[in-house]
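# Tertiary structure, described
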Amino acid sequence: MQASIIRTVVLGELILTVAATSAFAYTGQEHAAEAKISIEQARAIALKAHPGKVTDEELEREAGGSGLRYSFDIQRGKVTQEVGIDAATGKLLENVPEGPNAD
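What this report covers is the structure whose coordinates are included nearby. This one's a predicted model, so the numbers in the text were calculated from it and none came from an experiment.

Conventions adopted
- Residues numbered from 1 in each chain as written.
- Predicted model: local features only at pLDDT ≥ 70, side-chain atom pairs only at ≥ 80, totals over all residues.
- Heavy atoms only, no water.
- Helix = DSSP H or I, 4+ residues; strand = E, 2+ residues; numbered from the N terminus.
- Contact = heavy atoms within 4.5 Å.
- Core = buried A, V, L, I, M, F, W, Y, C linked by side-chain atoms within 4.5 Å.
- Buried < 20%, exposed > 50% of the residue type's maximum accessible area, 1.4 Å probe, protein only.
- Pairing = 2+ DSSP bridges.
- Axes fitted to C-alpha atoms, helices over the stretch in contact; angles between N-to-C directions.

Another aspect to go through is the environment of I37. Take I37: it is sitting in the loop between α1 (2–23) and α2 (39–49). With 53 residues separating them along the chain, I37 and G90 place their C-alpha atoms 6.7 Å apart. Discounting chain neighbours no more than four positions away, the residues touching I37 are A42, I45, Y70, I85, D86, A87, A88 and G90.

Note on soluble globular proteins: their nonpolar side chains tend to be buried together. Residues L59, Y70, F72 and I85 are the most contacted members of the largest nonpolar core, which totals 14 residues. Mapped onto this core, the elements with two or more residues apiece are α2, β2 (68–76) and β3 (79–86). No other element matches the four residues that β2 contributes to this core. When residues no more than four places from it in sequence are discounted, the contact partners of F72 are I39, A42, R43, A46, V54, D56, E57, Q81, E82, V83 and I85.

This part is about the sheet that holds β2. Pairing is antiparallel in the open sheet, where four strands are placed in the order β1-β2-β3-β4. What marks the edges here is a single partner per strand, and that holds for β1 (53–61) and β4 (92–97). Pairwise comparison of adjacent strand axes, ignoring direction, gives a mean angle of 15 degrees for this sheet. With eight bridges joining them, β2 and β3 adopt antiparallel strand pairing. Among the inter-strand pairings, Q75 is bridged to a residue of β3, identified as T80. Relative to the sheet, α2 contacts β1, β2, β3 and β4, its axis offset from that of β2 by approximately 45 degrees.

Given below as structure tokens:
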């Protein structure tokens, strides 16, 4: 009986681990090998520029900087800010309120 309980606990932990891992997925991961800084580093830079809660994040090709950027939507209060970080240099490229037609 104890072995059954242990298997159930281990299976539950495995399910939680897989669920937590997939929760950290972001759009544009296929470009991650080209980025010089990690999404974790970029997120820290973005949150320093505009503290709040990250509601969306992606790695995308977009004009400006190196042409590859992390883009974060960061909510603080009722305002959602779009913060762009260059994926090669970590430079802040954009820090503006999200418009009414957000991507």
